[in-house]
Each structure stands twice: as structure tokens, then as C-alpha cells.
Amino acid sequence: MKKILVFLLIVFIQPLNIISQNFYDVDYIREIKLYFDQPNWDHLLDSLYLDGLEQRLLASVEIDGTMYDSVGVRYKGFSSVSINTIKNPFNIKLDYVDNNQNHQGFEKIKLSNVIKDPSFLREVLSYEIARDYLPSPRANYANVYVNDTLWGLYVNVEAINDKFTNKHFATVNSPLIKCNPLNLNLTSGGENSNLSDTHGNDSSFYYNYYDLKSNSGWADLYTLIDTLNNHVSNVDNILNVDRSLWMHAFNYTLINFDSYVGYGQNYYLYQGLSNQFHPILWDLNMSFGGFRLTDATQSYFNGFNISQAQTMDPLNFLNNNFLSPRPLITKLLSNSRHQRMYLAHMRTIVEEHFSNQSYITRAQYLQNLISSDVQNDNNKFYSYNDFLDNINNQVNIPSSICPGISQLMDARTTFLTNYWSGFTQPNISNIQTLPNSSQIFGNDLTITAQIQDANYAMLAYRFGENMPFRNIQMYDDGNHNDGAANDGVYGVIINNCSNSIDYYLYAESSDEGIFSPKRAAYEFYTLTTKVPQSTLVINEVMANNQTTVMDETGDYDDWIELYNK
């Protein structure tokens, strides 16, 4: 009897331990079992893919021991799908029939088949790095079974949908655009989802080049396109420029060119509370030089070799024009200040992940984590030895060579470090605020900092989460509570401060900039104090809200509105 009890406890506790983990926890390999009633399920999915329809095949799925019925399954992706391939990528919609069905709050599961990556590491490692600097999906691994047959080890990537936008932008149902064309044009004139205005001045002309994932947004997208191309001085009003610079810095550091860079695709745009569009990275399975067909410039449109990838000039496009427009790069980086900010972001990525070799430590950890699962994957596209080798060494893949991750990035780190070795990088230290945080509400706030080797400094601030940052110049002139003129202390005064303020600093020399904190604006400093009770009132109440007022998620919740008078 005692032995039986111990056995039952082991069986019972293990699933609970798995279920208690976050679905995208990278330390745990998920187990996803698909069950199709149709014996020719693969032919049916092939047919749906060839028809170009996003229709789904009905199935059931078991996720880490929990069963869900009536889910919808289709293939996902473009170049990663083939009717001649056994291991195709899956898109599983849990709420396909039951609108309330989800797993840990997630309604959609996206499983990549790792077709272009012998290392199995590129997508998970790249998203992990990206999440330090801008809102990006989470990703881990999953063993996928079909009708109880192991189909292989997949990469499990978080979907960009309402749950994602609510987490990162505190909104849902705002314009969300997937920037992938209906038909990818691979020619030198192929513009795809590049935000060029060459298709015309009506939003309907852009339907084939972008995929609207929200109920509305075409007019907003065209306004962004028109502003970026024709009124770039006003682009801050509709585009998060800093986040765009981070995306470019990420792509050019990691040579992630199956992106906006190469064919103008594989990213999202989301319009947040600030009415600014935010770019979001997507589809990183060919980062670290896995995609070497083009960087879309005259010099490398027909491809580049590993040595050229290692030494790719981050400003190459300024001297070698793109063959088809790339206004999100060229229009923004024609501004010299934006160039310095972009290079500062690149330096931060290099110093925090590559110069210190932390990226290879993480790559080795992931490789050890999945090693036996890769070996057991009989449908993988490369050999187990290729998997072991590709972390450091190049591997031959169809029609190309996939560089070793460290082979590429160690040399690239050396190149980039030498690239800005002659630059004068300012230094920001000793940041002070006056008055202290308990007294800022309704008062003038002074922020000062010791800044060396700079000819310009600014402070960016906002009074509300997810609101746009406002830029205000800092001075070392003795007139901004900064002490004596030219003493190296820069100051700025913010009038009538809110009870809460987020801020960061930026300074630049003639050739390079620096942020404080270095991950700004994704990270920032915050001062907060309580609002006096006398300033808050209950302004409106909605009780027993059954059918009267719908919220932005389509629900009829009860609510109370507080007003800061």
C-alpha cells in the first residue's frame, strides 16, 4: 500500500509542477499533443495552405497534460511551409469553437519548425536579447506529437495579439498591423511592407501589402506612411521613433535581415494610447546571419558572405542606396541625432550581450537543455552533429551556408568595438532631483546631472505610463538650477510636476550619444508620490452593467471612475 501511495504522489505532483510554470518559461520544454480525427489530416492542411486560405482543421490538443477539444489548426508562415515537408509549422487556435477556451490565458499557440536553423537556438536566443530593449514575444521549446507520434522539437513563440498588446501597451483593439505582404516580391523593385508611399494616396491601395489584425486601422496606417515619407519632421506624433531605432539597432547588430531590412517584412505595428505606432519584431529564426540573401542595398542586394556579415557597416545604407525604398531607416537616420542614438543603442546591445560573452553562455545553456530532444527529433532538417556544430561553426544548408553563431558574433563584436573606438562617448553621472519625491506633486522639479564630453544634453519625461516622452534640452549655463555655468553640471526645470514622472537622460558628442539608463526608453527613472486625498473624487459609477456600456474588450463589467481634479 505504501509503495502505491508514493507512486500516485509522483504521478500527481509532476503535472502540477509543469502546469504551474509559465507557458513560455524557457527553462521548461512543453509537451503539445495534437489529435486529428481525419487520417489524411496532413493532406487536408496542405490543401488549405495551397488554397491560400486561413481556414482551420478541427482537432483536439493536450498541453502539458491538459486536454482541449475543438481547436482549430492550420500551418503558419510562408517559406517555412512545404507540402513536401513532414515537419511543418503549426498555428493552433484554442478558442476556435469555444470563445472562452485558453491555456493559461493564451488563446493561440504558434509553433515554428526550425527549418532554417541547424542550431535550434536563433529564435529563442534572439527574442531573449530583444526583450531587454523593446516589447517582444516570449519563446521556448515544445515537443509536438501528432496522434501520439513524436513530430519533433518546435519553437513555441508567443502570439502578438490582444493579450500581448494589453500586457505591453495597456490597450486592446487598437490598430494592429502585421507587416507581411500577401505575395512576397523578391525582385530589386519589391517593396512589400516597407512603409513606402509609392502605391498611392488611398489606404485601399495598401491592402495587399499589409495584414490588418484589428477591426480598424487602414486610415491610421496610411497617415503613418504619408507622414514618414512626406512630413518626417512631424513623425514623432505618430511613430515611436526611439523604438524604431532600437529595432534597427537589433537587426544590424545580430544581422537579422529577414526583416524590415531585407525584404521589408516580418514585423508588426501597434498604435498605443499615445496614438504612436510601435514596431514589434517578429520571425527571428534566421537571425545571426541565417538569412543572407540581401540587405536590399546596391552593394549587397544579391547576397553577402560570412566575412561581409561580420563587418557589415551599421550605416552602410547611407553610402549604398536601397534598391527599393526603406523610409523607416532612411528617413529616420538622415537625422544625425537619430544616427547617434541608433549607434548608442547598438553599443548597449553589444556591451550587454556580446563583449562579455553572455550570449554564448546562454546559447550553451539552451543547447544543453534541448540536446536529447533534438537527437530524438527524426523529422528535423539537419543532423544532430549539425546541431552541435552550428553554435560555433558554419553548416551547409540548401543553397547557402548558415554561419556559426559565435563565428559570426565574436568577429562582429570586434568589428563594432573597433568601429566606435575612435568616438568620444559622453558620460552621465550623479543624477539629482529637487525637491524629493514626496514633494514633487504640483511643484517645479529640477533634475541635474554631471555630464562630460557632450555638446548637447536632453531630458525626456512623461506624466503617464504608455504616454509619449517629451524632450527638453538640458543646459550648463547657471540658469537652470545647475550651479555655475560651464561646470559640467547640466540642469532642467519641469514646471508644475505631476505626482508621478518617468524620465531618462541623453547626451551626445559630435559622433556618439549615450542614454541613462542605457536601455532607455524601454527602461527609465521614476519619481512617484501619493496624490492628496482631497484632490480625488468618485466621478462616475456603473453598477449591474449587464447590457448598457461595453468596454474595449467587448465585456459589460461594472466599473467606477476616479477623477483627479
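Quick summary incoming for the structure in this document. The shown structure was predicted, so the numbers you read here are calculated from the model rather than taken from an experiment.

1. Let's talk about the overall build of the chain
Here is step 1 of the chain: The secondary structure content of the chain amounts to 14 helices and 23 strands.
Here is step 2 of the chain: The C-alpha radius of gyration computed for the chain amounts to 26 Å, which stays within 12% of the reference 24 Å derived for 565 residues, consistent with globular compactness.
Here is step 3 of the chain: For the chain, the C-alpha atoms occupy an extent of roughly 80 × 65 × 60 Å along the three principal directions.
Here is step 4 of the chain: Counting every position in the chain, which comprises 565 residues, the buried fraction comes to 53%.
Here is step 5 of the chain: In the chain, the share of contacts with a sequence separation of at least 24, taken over all contacts with a separation of at least 6, comes to 66%.
Here is step 6 of the chain: Taken as a whole, the chain presents about 24700 Å² of accessible surface, with 46% of it coming from carbon and sulfur.
Here is step 7 of the chain: Of note, the chain has its 35 positive side-chain charges centred 4 Å away from the centre of its 59 negative side-chain charges.

2. A closer look at the packing of helix α3 (residues 122-130) against helix α12 (residues 358-376)
Here is step 1 of the chain: Close contact between α3 and α12 brings their axes to 10 Å; oriented N to C, the two are set at 140°. Here α3 lies oblique to α12, going by the angle between them. Note on packing geometry: the crossing formed by α3 with α12 is right-handed. On α12, the residues that touch Val124, Leu125 and Glu128 of α3 are Tyr359, Arg362, Ala363 and Leu366.
Here is step 2 of the chain: Looking at side-chain class alone, the contact of α3 with α12 contains five nonpolar, no polar and two charged residues.

3. Brief notes about unusual backbone geometry
One can expect most non-glycine residues to show negative phi and most peptide bonds to be in trans.
Here is step 1 of the chain: Omega for the peptide link from serine 516 to proline 517 comes to -5°, which places this bond in the cis form.
Here is step 2 of the chain: Along the polypeptide, proline 517 turns up in the loop between β20 (513-516) and β21 (525-528).
Here is step 3 of the chain: Between alanine 520 and the following residue, alanine 521, the backbone shows a cis peptide bond with an omega angle of 5°.
Here is step 4 of the chain: If you trace the backbone, alanine 521 turns up in the loop between β20 and β21.
Here is step 5 of the chain: For alanine 170, which is not a glycine, the phi torsion comes out positive at approximately 60°.
Here is step 6 of the chain: Structurally, alanine 170 can be placed in the loop between α4 (162-169) and β8 (176-178).
Here is step 7 of the chain: Even without being a glycine, phenylalanine 288 presents a positive backbone phi close to 55°.
Here is step 8 of the chain: One can find phenylalanine 288 in the loop between β11 (277-281) and α8 (306-310).

4. Thoughts on the environment of glycine 262
Here is step 1 of the chain: Along the chain, glycine 262 falls in helix α7 (residues 260-263).
Here is step 2 of the chain: Looking at glycine 262, the relative accessible area reads 1%, which means it is buried.
Here is step 3 of the chain: A sequence separation of 68 residues divides glycine 262 from asparagine 194, and the C-alpha atoms of the two residues are 9.8 Å apart.
Here is step 4 of the chain: Not counting chain neighbours up to four residues away, the residues in contact with glycine 262 comprise Phe257, Thr294, Asp295, Ala296 and Arg326.

5. Some thoughts on the packing of aromatic side chains
The description of an aromatic ring pair rests on the distance of the ring centres and on the angle between the ring planes.
Here is step 1 of the chain: Scanning all chains against the criterion turns up 32 aromatic pairs.
Here is step 2 of the chain: Between tyrosine 268 and tryptophan 282, the ring centres sit 5.7 Å apart and the planes meet at 90°, which makes this aromatic pair edge-to-face. Here the residue tyrosine 268 occupies a position in strand β10 (residues 267-271), and tryptophan 282 occupies one in the loop between β11 and α8, the gap between them amounting to 14 residues.
Here is step 3 of the chain: A relative accessible area of 1% places tyrosine 268 in the buried class.

6. Topic: the pattern of salt bridges
Side-chain pairs of opposite charge can arise whenever the charged atoms involved come near each other.
Here is step 1 of the chain: Per the counting criterion, the structure on display carries 17 salt bridges.
Here is step 2 of the chain: Measuring nitrogen to oxygen at the nearest pair gives 2.6 Å for the salt bridge that ties lysine 87 to aspartate 377. Residue lysine 87 is found in the loop between β3 (66-75) and β4 (90-93), and its partner aspartate 377 is found in the loop between α12 and α13 (384-389); the two are separated by 290 residues along the sequence. Of the two residues, lysine 87 and aspartate 377, neither departs from the other in class, the shared state being buried.
Here is step 3 of the chain: Linking glutamate 352 and arginine 519 is a salt bridge whose minimum nitrogen-to-oxygen distance equals 2.9 Å. Residue glutamate 352 is located in helix α11 (residues 336-354), and its partner arginine 519 is located in the loop between β20 and β21; the two are separated by 167 residues in the primary sequence.
Here is step 4 of the chain: The partly exposed category is assigned to glutamate 352, whose relative accessible area is 27%.
Here is step 5 of the chain: Put simply, Asp132, Glu352, Arg519 and Glu523 are held in one network by salt bridges that share partners.

7. Things to note about α11
Here is step 1 of the chain: Relative to the 27 Å expected for 19 residues at 1.5 Å per residue, α11 spans 26 Å between its end C-alpha atoms, a close match to the ideal helical length.
Here is step 2 of the chain: Counting buried positions over the 19 residues of α11 gives 15, a clear majority of the element.
Here is step 3 of the chain: N-capping of α11 is provided by asparagine 335, with a side-chain oxygen placed 2.8 Å from the backbone N of arginine 337.

8. Let's talk about the sheet that holds strand β15 (residues 445-452)
Here is step 1 of the chain: Read from one edge to the other, the open sheet built from three strands follows the order β14-β15-β18, with strand pairing classed as antiparallel. Bordering the open sheet on either side are β14 (427-434) and β18 (489-494), each of which pairs with just one other strand. Neighbour-to-neighbour, the strand axes of this sheet turn through a mean angle of 20°, independent of strand direction.
Here is step 2 of the chain: Bridge count for β15 against β18 is six bridges, and the pairing is antiparallel. The partner of leucine 445 across the bridge, within β18, is isoleucine 494.

9. Quick word on a nonpolar patch on the surface
Here is step 1 of the chain: Taken together, the side chains of Ile538, Val541, Ile560 and Leu562 make up a nonpolar region of the molecular surface, amounting to roughly 430 Å² of accessible area.
Here is step 2 of the chain: If you list the elements that add at least two residues to the nonpolar patch, you get β22 (536-542) and β23 (559-564).
Here is step 3 of the chain: Of note, isoleucine 538 is situated in strand β22.
Here is step 4 of the chain: With relative accessibility at 57%, the residue isoleucine 538 sits in the exposed group.

10. Let's talk about the pairing of strand β5 (residues 108-112)
Here is step 1 of the chain: Across the five residues of β5, four count as buried, placing the element largely inside the fold.
Here is step 2 of the chain: Sheet topology note: the β4/β5 ladder contains four bridges and is antiparallel. Paired with lysine 93 across the two strands is lysine 108, which belongs to β5.
Here is step 3 of the chain: For β5 and strand β7 (residues 149-157), the ladder comprises three bridges, and the chain directions are antiparallel.

11. Topic: the side chain of histidine 168
Here is step 1 of the chain: Take histidine 168: it is sitting in helix α4.
Here is step 2 of the chain: Exposure remark for histidine 168: the relative accessible area of 18% places this residue in the buried category.
Here is step 3 of the chain: Among residues more than four places away in sequence, those in contact with histidine 168 are Pro135, Ser136, Asn466 and Tyr522.

12. Topic: the nonpolar core
Here is step 1 of the chain: Ranked by size, the top nonpolar core spans 103 residues in total, and within it Ile129, Leu195, Tyr210, Tyr252, Phe288, Tyr342 and Ile349 carry the most contacts.
Here is step 2 of the chain: With eight residues, α11 is the single largest residue contributor to this core.
Here is step 3 of the chain: Excluding residues within four positions of it along the chain, isoleucine 129 makes contact with Phe250, Leu254, Phe288, Ile349, His353 and Phe354.
Here is step 4 of the chain: In this structure, Phe36, Trp41, Phe90 and Ile92 belong to the second largest nonpolar core, which totals 28 residues.

The rules behind the values
Residues numbered from 1 in each chain as written. Predicted model: local features only at pLDDT ≥ 70, side-chain atom pairs only at ≥ 80, totals over all residues. Heavy atoms only, no water. Helix = DSSP H or I, 4+ residues; strand = E, 2+ residues; numbered from the N terminus. Rg over C-alpha atoms; globule rule 2.2 N^0.38 Å. Buried < 20%, exposed > 50% of the residue type's maximum accessible area, 1.4 Å probe, protein only. Contact = heavy atoms within 4.5 Å. Areas by Shrake-Rupley, 256 points an atom, 1.4 Å probe, with all protein chains shown as cover. Lys, Arg positive; Asp, Glu negative; His and termini not counted. Charge placed at Lys NZ, Arg CZ, Asp CG, Glu CD. Axes fitted to C-alpha atoms, helices over the stretch in contact; angles between N-to-C directions. Parallel < 35°, antiparallel > 145°, perpendicular 65-115°, else oblique. Left-handed = near helix turned anticlockwise from the far one by under 90°. Nonpolar A, V, L, I, M, F, W, Y, C, P; charged D, E, K, R; others polar. Phe/Tyr/Trp six-rings, centres within 6.5 Å; stacked < 30°, edge-to-face > 60°. Salt bridge = Lys/Arg side-chain N within 4 Å of Asp/Glu carboxyl O. Expected span 1.5 Å × (residues − 1). Polar contact = N/O pair within 3.5 Å; in protein donor to acceptor, adjacent residues only side chain to side chain. Pairing = 2+ DSSP bridges. Patch = residues over 30% accessible without salt bridge, like charges linked within 9 Å, V, L, I, M, F, W, Y side chains within 5 Å. Core = buried A, V, L, I, M, F, W, Y, C linked by side-chain atoms within 4.5 Å.

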